[in-house]
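Coordinates in review
Here's the letter readout for the chains.
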Protein chains: 2
Amino acid sequence: MSGKKILIIGGVAAGPKTAARARRLDPEAQITILEKGKHISYAGCGMPFYLSGQIHDFDHLYSTAYGVKRDPAFFKAERGVDVILGMEAISIDRANKKVVARNVDTGEETVFEYDKLVLGTGAYPITPPIENLDLKGVYRLNHLTDAEKIKQAMDAGEVNDVVVIGTGFIGMEALDAVFNPMRTVTVVEFRDTMLPGILDPDMAKLLYKNLYEQGIEGRFGEKVLRLEGEEGKVTRVITDKSAIDADAVILAVGVRPNVKLAQEAGLTIGETGAISVNEYMQTNDPDIYALGDCAENTNLITGKKVFAPMATYANRQGRVVGDNVTGGKSTFKGILGTGVLHCMHVNVARTGLGEVQARALGYDIETVRVSTFDMTHYHPSSNKVLFKMIVEKNTGKILGIQGLGQGEVAKRIDVVATMIQYGGTLDDLLELDLGYAPPFNTPIDPMVHTGNTLKNKLAGVAKTYTPEEVEAKLERGEDFLLLDVRTPQQFNMRHIEDDRVQQLTLGDLRDKLDQVPRDKEIVTVCVMGSRAYEAARILEGAGFKDVKFMEAGMEGWSFDMDE
Amino acid sequence: MSGKKILIIGGVAAGPKTAARARRLDPEAQITILEKGKHISYAGCGMPFYLSGQIHDFDHLYSTAYGVKRDPAFFKAERGVDVILGMEAISIDRANKKVVARNVDTGEETVFEYDKLVLGTGAYPITPPIENLDLKGVYRLNHLTDAEKIKQAMDAGEVNDVVVIGTGFIGMEALDAVFNPMRTVTVVEFRDTMLPGILDPDMAKLLYKNLYEQGIEGRFGEKVLRLEGEEGKVTRVITDKSAIDADAVILAVGVRPNVKLAQEAGLTIGETGAISVNEYMQTNDPDIYALGDCAENTNLITGKKVFAPMATYANRQGRVVGDNVTGGKSTFKGILGTGVLHCMHVNVARTGLGEVQARALGYDIETVRVSTFDMTHYHPSSNKVLFKMIVEKNTGKILGIQGLGQGEVAKRIDVVATMIQYGGTLDDLLELDLGYAPPFNTPIDPMVHTGNTLKNKLAGVAKTYTPEEVEAKLERGEDFLLLDVRTPQQFNMRHIEDDRVQQLTLGDLRDKLDQVPRDKEIVTVCVMGSRAYEAARILEGAGFKDVKFMEAGMEGWSFDMDE
Ligand SMILES: Cc1cc2nc3c(=O)[nH]c(=O)nc-3n(C[C@H](O)[C@H](O)[C@H](O)COP(=O)(O)OP(=O)(O)OC[C@H]3O[C@@H](n4cnc5c(N)ncnc54)[C@H](O)[C@@H]3O)c2cc1C
Ligand SMILES: Cc1cc2nc3c(=O)[nH]c(=O)nc-3n(C[C@H](O)[C@H](O)[C@H](O)COP(=O)(O)OP(=O)(O)OC[C@H]3O[C@@H](n4cnc5c(N)ncnc54)[C@H](O)[C@@H]3O)c2cc1C
Ligand SMILES: CC(C)(COP(=O)(O)OP(=O)(O)OC[C@H]1O[C@@H](n2cnc3c(N)ncnc32)[C@H](O)[C@@H]1OP(=O)(O)O)[C@@H](O)C(=O)NCCC(=O)NCCS
Ligand SMILES: CC(C)(COP(=O)(O)OP(=O)(O)OC[C@H]1O[C@@H](n2cnc3c(N)ncnc32)[C@H](O)[C@@H]1OP(=O)(O)O)[C@@H](O)C(=O)NCCC(=O)NCCS
Ligand SMILES: [Ca+2]
Ligand SMILES: [Ca+2]
């Protein structure tokens with residue numbers, strides 16, 4: 001009984017998901033996975049939680065919910081799939097539909113035939129030009145073996161002064177995993193901002209402020225030049241600006257797609273460096289598919305190709321390829337760049353275009369920042385969250401949103417991601433019927449508050465400065481009044497120290513308008529933004545000519561307060 | 001300075017939100033709220049959490065996040081709105097644009113002029129034909145004064161054997177609020193099912209099973225006839241089928257819109273009994289608006305009018321009316337009937353049409369039930385959740401979804417609600433870019449797994465029985481094999497006790513096909529559904545002709561709880 005030969009290269013997420021789906025659709029097919037490593041079907045994304053101790057058992061990273069290890073025996077028994085470990089595919093003979101592979105231990109070569117070939121070769125971590133990366137105490141967090149090494153070092157008390165190099169998703173998850181008050185943790189980022197390209201710099205600064213207050217130190221715009229060590233063990237990280245003591249270094253400067261095999265076989269590599277595929281995940285050879293971290297994605301908003309190595313895409317694409325190699329016609333049209341992260345008690349989420357990206361692409365945009373509660377403020381589980389939304393000005397089309405805070409942001413971003421998929425606008429947002437009960441939401445959902453505020457801005461009802469603009473005005477020595485309308489208690493606890501700041505509680509404002517100068521620009525400020533907005537409306541209503549409020553209030557203020 | 005006169009009747013959610021928004025848009029307007037009661041701007045939805053002790057301070061139910069009570073002084077100072085308490089509007093003179101109101105204490109009448117009149121008169125609790133409702137120990141949970149009374153009784157130890165009459169949202173929240181292991185709590189529901197009209201009976205039964213296991217007793221299809229008491233205090237609840245001891249009864253059989261004032265003024269009352277409005281929230285008199293619990297809504301899927309008394313609609317509509325009474329043209333097009341609830345550690349959420357509703361409306365539908373994890377199973381915060389999705393068969397259009405479980409369901413339902421707003425289909429669902437990281441999601445989102453399973457069903461790849469169908473087959477004495485493919489450990493802990501049940505672990509199935517009879521219908525079953533699906537695919541692939549799996553596995557099994 002010899003069915004169609006489906007040969008899959010790579011055995012982590014893309015490959016196994018393809019195999020599993022293909023098997024369910026075609027019981028006759030001969031499905032084989034070649035994997036050069038020793039582990040398959042493992043949760044790379046779970047490694048940080050193993051390091052942090054939240055996952056106790058290493059095996060859980062490659063076990064089913066019912067406790068069975070996903071090893072070759074599992075794939076044989078439960079999926080009818082042959083997995084060959086330690087077997088590296090080294091060339092593809094497209095004309096004869098054959099793959100040559102080499103046993104990584106013996107060097108022995110074997111030829112595998114295919115009807116359909118699937119490349120799930122993934123990505124490999126970038127090795128930056130830093131001297132002495134081979135010192136002991138230098139780690140990555142890309143492979144299961146990396147996680148094991150770090151864990152052993154942690155357990156042996158060898159991870160005390162940690163430097164994380166890079167603040168992409170993996171760097172941030174490494175940070176979250178290793179941070180504890182007994183350790184000194186420093187992150188070094190070559191670019192000027194945390195999570196570059198993922199969060200706008202203003203949002204990143206707010207995130208960093210929060211992590212900093214918990215005890216992290218960040219060095220931005222610093223380039224690591226070399227490591228120093230003693231007796232083969234790392235002791236210092238030397239950047240172009242400073243030196244940092246370290247007994248552990250985690251290198252997380254990004255990954256690049258594994259395309260050598262494809263490239264050598266003459267398959268088209270896209271402008272991003274990843275394998276070019278159509279919406280069926282087919283390469284330019286219709287019998288060869290590529291997916292997951294080795295394949296290129298399309299950004300659905302811009303239409304541009306992007307490299308977006310995410311497990312969720314690998315899995316969803318695996319299902320599509322599983323369909324298509326068994327005769328189906330499923331599509332994966334593209335992505336929005338949705339991402340979520342939990343780091344040191346802060347939830348971070350984003351989708352679509354950031355402000356920086358949208359401007360760079362030439363969009364005429366408006367943005368807003370809003371601080372709000374994730375559920376009714378009187379509910380004991382409520383937390384503050386802060387969102388920044390980006391829309392196209394003339395159409396009101398939502399281009400992107402970013403959120404962070406201790407409260408729920410991830411699922412709210414999903415709602416906006418869903419809207420963006422449909423080309424949704426601010427007007428649509430206000431018509432959404434989102435569930436409300438006190439432990440889940442505010443009567444008007446935070447996304448809708450954010451959209452309303454942006455609509456208010458576009459309508460000229462809300463005139464605002466961003467915190468950065470206010471800070472710049474203060475720095476420039478401009479003459480204006482920063483009217484803090486919070487309660488005296490709130491004001492006394494923490495406020496911007498400047499002669500131009502005046503406290504006047506919102507509830508007193510209507511009665512004390514004579515205490516507000518009419519000849520100056522006035523910028524109102526509160527905790528989260530809504531009282532300052534109200535105050536601005538009161539002042540404008542009373543004939544004040546030049547009034548604005550500061551977006552997101554003190555919750556959005558990431559500058560030094562104690563100058 | 002006399003601006004436009006905006007007169008608002010009703011001071012809880014609809015009225016105050018309208019006033020607040022109108023004020024921000026029109027600083028000159030004279031805005032007045034008449035409220036016959038003594039409390040305004042309070043969080044009725046928060047009362048259950050006050051009773052349960054999660055909210056300690058009664059004042060929090062009508063205080064801002066910055067600790068200011070929302071009383072008439074607040075509305076005057078912070079919103080420039082006049083609130084007159086204890087003032088009941090008793091008639092509207094539309095020709096002369098006047099409202100006559102009566103001071104509820106003195107009986108004195110006052111005439112108020114208006115340019116725009118806003119009816120936010122809300123709803124009142126239904127009083128069912130039950131004898132002796134005036135006994136001590138009989139409560140409602142509709143007004144702040146109700147919450148105070150129950151709380152006092154609880155604190156005085158007078159609430160031990162509680163009967164909640166009605167299992168709509170408010171009855172369920174009352175249940176959640178009063179339940180603790182020291183109390184006996186019984187719910188009596190006239191209809192056959194919990195949360196009737198909100199959850200389909202199959203989902204309701206699963207919810208009830210969960211609550212029952214925690215110690216609640218439910219009596220469904222029972223009608224309360226009368227209460228009995230001693231010395232003026234309730235002691236028993238007598239239904240048409242049984243008698244229940246009780247020292248406290250909470251009556252929650254629904255609310256009806258307060259339309260007397262509108263009706264007497266000749267405003268159109270819709271078929272639902274609520275005030276008829278257009279998408280600008282205007283009544284048939286263009287200068288009179290109605291919103292919140294007193295106004296009719298439109299179901300966006302069916303186009304039919306519905307009565308849907310929810311705070312979220314009251315607030316969102318208030319913003320629309322605030323716009324429109326100050327010259328704007330904002331719309332509120334309608335609702336999907338999204339609702340969420342937290343009850344006894346179970347989250348419940350729904351949107352759109354249920355199966356029963358969709359069938360009654362004549363839709364040709366397919367449904368599926370799926371049990372899944374709300375995040376990666378290896379993450380310590382993961383929980384199981386169970387969803388039922390309803391789609392139109394020929395178009396794949398999503399009509400509705402219902403979810404429940406200890407895990408996150410509310411925000412996922414919001415994603416589907418967002419899709420339904422755009423007429424989204426199963427195909428769209430699979431293209432959504434939803435955020436994934438282990439503490440938030442599974443690599444393929446539960447909504448997408450649910451959609452995939454439904455697509456599998458429509459494609460004939462997944463052939464299923466619902467648990468109800470399996471139970472019926474067992475009851476009918478049909479000859480078939482129920483093949484339980486869980487591990488022996490899982491099987492031994494809890495399984496369906498029947499001779500037709502056979503255990504055969506999924507991992508052994510391919511090797512032991514000879515142990516499975518070829519002459520019988522086979523129904524596979526597991527914990528959540530996916531292993532049984534896999535097993536069914538294996539059997540079909542091996543030539544078994546009549547194979548199905550049971551949807552949602554043992555997680556979806558609500559039968560035989562005690563045997
Ligand atoms: C710490 C960490 C956290 C992460 N968190 C998230 C997250 O929260 N959310 C998210 O969406 N993603 C996350 N990711 C990314 C996610 O792990 C990857 O996107 C996913 O693993 C990609 O799967 P893949 O199968 O395409 O490629 P890979 O995982 O790279 O697997 C490719 C496999 O192919 C093998 N291979 C390559 N070439 C050959 C060859 N020639 N012959 C044989 N075998 C070959 C490799 O040995 C490798 O095992 C995280 C990653 C890391 C490291
Ligand atoms: C326990 C409980 C839990 C709830 N939970 C939720 C939830 O989780 N989610 C949700 O969306 N909704 C929930 N609700 C529903 C929500 O509280 C109502 O939808 C909301 O209060 C409606 O606001 P409203 O202003 O339209 O009407 P109402 O709250 O009914 O207020 C109307 C006001 O008008 C006054 N009035 C009436 N007639 C006159 C007159 N002639 N003259 C002067 N004044 C008059 C009344 O005295 C009343 O104060 C819950 C309700 C309760 C009771
Ligand atoms: C696990 C793995 C082998 C995929 O195997 P799989 O059998 O397709 O498992 P999934 O959980 O993805 O899907 C389960 C199947 O059951 C279906 N399903 C899910 N819940 C179901 C339920 N309750 N009832 C019925 N069917 C259900 C799904 O739709 C899917 O079927 P389909 O693809 O035919 O539609 C592959 O994803 C893998 O190796 N993952 C680990 C590595 C990884 O993803 N790493 C990166 C992330 S950390
Ligand atoms: C509180 C109440 C008076 C409404 O007052 P409100 O001033 O409109 O308050 P909201 O919180 O709804 O809205 C705040 C305003 O600030 C805006 N806003 C919210 N967060 C903001 C921020 N961070 N920055 C700037 N603006 C913000 C909102 O868009 C809204 O303005 P808009 O309506 O002009 O667009 C009214 O809803 C009420 O009485 N509620 C209590 C009763 C109730 O709802 N009960 C049932 C539910 S339990
Ligand atoms: Ca182990
Ligand atoms: Ca108090």
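Residues numbered from 1 in each chain as written. Chains lettered and ligands numbered in written order. Predicted model: local features only at pLDDT ≥ 70, side-chain atom pairs only at ≥ 80, totals over all residues. Heavy atoms only, no water.

If you check an unreviewed UniProt entry, chain A appears there as NADPH-dependent 2,4-dienoyl-CoA reductase, sulfur reductase from Desulforamulus aeronauticus DSM 10349. Turning to chain A, the UniProt record has this under Cofactor (unreviewed entry): "FAD". Heading Sequence similarities (unreviewed entry) of the UniProt record for chain A holds this comment: "Belongs to the class-III pyridine nucleotide-disulfide oxidoreductase family." (UniProt positions renumbered as here; feature names shortened; annotations may be inferred.)

The calcium ion (ligand 6) binds to the protein through D57 of chain B (OD), D57 of chain B (OD) and D59 of chain B (OD), with metal-donor distances spanning 2.7 to 3.0 Å. A residue is classified by how much of its surface remains accessible, and D59 of chain B, at 24% relative accessible area, is partly exposed. (Donors = N, O, S within 2.8 Å, 3.2 Å for Na, K, Ca; no water. Buried < 20%, exposed > 50% of the residue type's maximum accessible area, 1.4 Å probe, protein only.)

Residues and elements named next belong to chain A. Those residues of helix 3 (residues 72-79) that fall on the buried side of the exposure criterion are F74, F75, E78 and R79. Taken around the axis of helix 3, the buried residues stretch over an arc of 95°, which confines them to a single face. Just downstream of helix 3, G80 is the residue with a positive phi angle, here 60°. (Helix = DSSP H or I, 4+ residues; strand = E, 2+ residues; numbered from the N terminus. Arc of directions from axis to C-beta.)

All names here are of chain B. Of the two faces of strand 16 (residues 248-251), the one carrying A248 and I250 and the one carrying V249 and L251 are both buried. Sheet analysis places strand 9 (residues 138-140) next to strand 16, joined by 3 bridges and oriented parallel. Following the sheet pairing, V138 is matched in strand 16 by V249. With 4 bridges connecting them, strand 10 (residues 161-165) and strand 16 associate as parallel partners. Bridge pairing in strand 16 links I165 to L251. (Pairing = 2+ DSSP bridges.)

One can read the domain layout of chain A as domain 1 (5-43 + 55-121 + 256-326), domain 2 (138-253), domain 3 (339-459) and domain 4 (464-556). In this structure, domain 1 of chain A and domain 4 of chain A have C-alpha centres spaced 57 Å apart. (Domains from an automatic or database assignment.)

On to the site of ligand 2. Within the structure, ligand 2 sits among 34 residues, and Y436 of chain A together with A14, E35, D293 and A311 of chain B are positioned closest to it. Looking at what sits near ligand 2, you find residues from chains A and B. For ligand 2, an oxygen atom lies 2.9 Å from a polar atom in the backbone of A311 of chain B. Notes on ligand 2: free accessible area 1,000 Å², of which the protein chains cover 91%. Elements represented by at least two residues in the shell around ligand 2 include exactly strand 2 (30-35), strand 4 (87-93), helix 5 (169-178) and helix 8 (311-324) of chain B. (Near = heavy atom within 4 Å. Polar contact = N/O pair within 3.5 Å; in protein donor to acceptor, adjacent residues only side chain to side chain. Areas by Shrake-Rupley, 256 points an atom, 1.4 Å probe, with all protein chains shown as cover.)

This next bit is on the packing of helix 10 (residues 410-421) of chain A against helix 10 (residues 410-421) of chain B. Following both chains from N to C, one finds helix 10 of chain A and helix 10 of chain B inclined at 15°, their axes separated by 9 Å at the closest point. The angle between the axes of helix 10 of chain A and helix 10 of chain B places the two elements in the roughly parallel class. In this structure, helix 10 of chain A crosses over helix 10 of chain B, and the sense of that crossing is right-handed. Packed against helix 10 of chain A, whose contacting residues are K411, R412, D414, V415, T418 and M419 of chain A, the element helix 10 of chain B presents K411, R412, D414, V415, T418 and M419 of chain B at the interface. For the contact of helix 10 of chain A with helix 10 of chain B, the class distribution of residues is 4 nonpolar, 2 polar and 6 charged. (Axes fitted to C-alpha atoms, helices over the stretch in contact; angles between N-to-C directions. Parallel < 35°, antiparallel > 145°, perpendicular 65-115°, else oblique. Left-handed = near helix turned anticlockwise from the far one by under 90°. Contact = heavy atoms within 4.5 Å. Nonpolar A, V, L, I, M, F, W, Y, C, P; charged D, E, K, R; others polar.)

The next point concerns the sheet that holds strand 16 of chain B. Residue and element names in this part refer to chain B. Spatial strand order, 9-16-10-11-12: 5 strands in an open sheet with parallel pairing. With one partner strand each, in any of the chains shown, strand 9 and strand 12 (217-220) form the two edges of the open sheet. Averaged over all pairs of adjacent strands, the angle between strand axes in this sheet comes to 20°, irrespective of strand direction. Inspection of the sheet shows strand 10 paired to strand 11 (residues 184-189) by 5 bridges, in the parallel sense. Each residue of the ladder has a partner; that of V162, found in strand 11, is V185.

Glancing now at the site of ligand 3. In the region of ligand 3, 32 residues are neighbours, and K17, R21, S41 and N315 of chain A together with Y533 of chain B sit closest. More than a single chain frames ligand 3: its nearby residues are located in chains A and B. Between ligand 3 and V12 of chain A there is a distance of 3.2 Å, counted from an oxygen atom to a backbone nitrogen or oxygen. Y42 of chain A has a polar backbone atom sitting 3.0 Å from a nitrogen atom of ligand 3. Within the complex, 90% of the 950 Å² of free accessible area of ligand 3 lies under protein. For the shell around ligand 3, the secondary-structure elements that each account for two or more residues are helix 1 (14-25), helix 3 and helix 8 (311-324) of chain A together with strand 23 (365-373), helix 12 (446-458) and helix 16 (530-541) of chain B. With 5 residues, the single largest contributor to the shell around ligand 3 is helix 1 of chain A. Here the residues of the shell around ligand 3 are counted per class, giving 16 nonpolar, 9 polar and 7 charged.

This part is about the confidence of the model for chain A. For chain A, mean pLDDT is 97; residues scoring 70 or higher make up 99% of the total. In the model output, the complex is listed with pTM 0.98 alongside ipTM 0.97. (pLDDT = per-residue confidence, 0-100.)

Attention now moves to the pairing of strand 1 (residues 5-9) of chain A. Residues and elements named next belong to chain A. Most of strand 1 is tucked away, with 4 of its 5 residues classed as buried. In the sheet, strand 1 pairs with strand 2 (residues 30-35) via 5 bridges, with the strands oriented parallel. Pairing of I8 across the sheet is with I33, part of strand 2. This β-α-β element, strand 1 to helix 1 to strand 2, shows right-handed connectivity. Strand direction decides the pairing type here: strand 1 and strand 7 (residues 116-119), joined by 4 bridges, are parallel. The residue of strand 7 that forms the bridge with I6 is K116. (Right-handed = clockwise from strand over helix to strand, strands pointing away.)

Our focus in this paragraph is the relation of the copies chain B and chain A. You can overlay chain B on chain A at an RMSD of 0.0 Å; the transform is a turn of 180° with a shift of 0.0 Å along its axis. Here the symmetry operator amounts to a two-fold rotation axis. When the interface residues of chain B are mapped onto chain A, 100% of them again fall at the interface, so both copies present the same face. (Least-squares fit on C-alpha atoms with pLDDT ≥ 70 in both.)

Further remarks concern the environment of Q357 of chain B. All names here are of chain B. With respect to the helices and strands, the residue Q357 is situated in helix 9 (residues 355-360). Residues within four places of Q357 in sequence aside, it is in contact with G197, R350 and G352. There is a polar contact of 3.1 Å between the side chain of Q357 and the side chain of R350.

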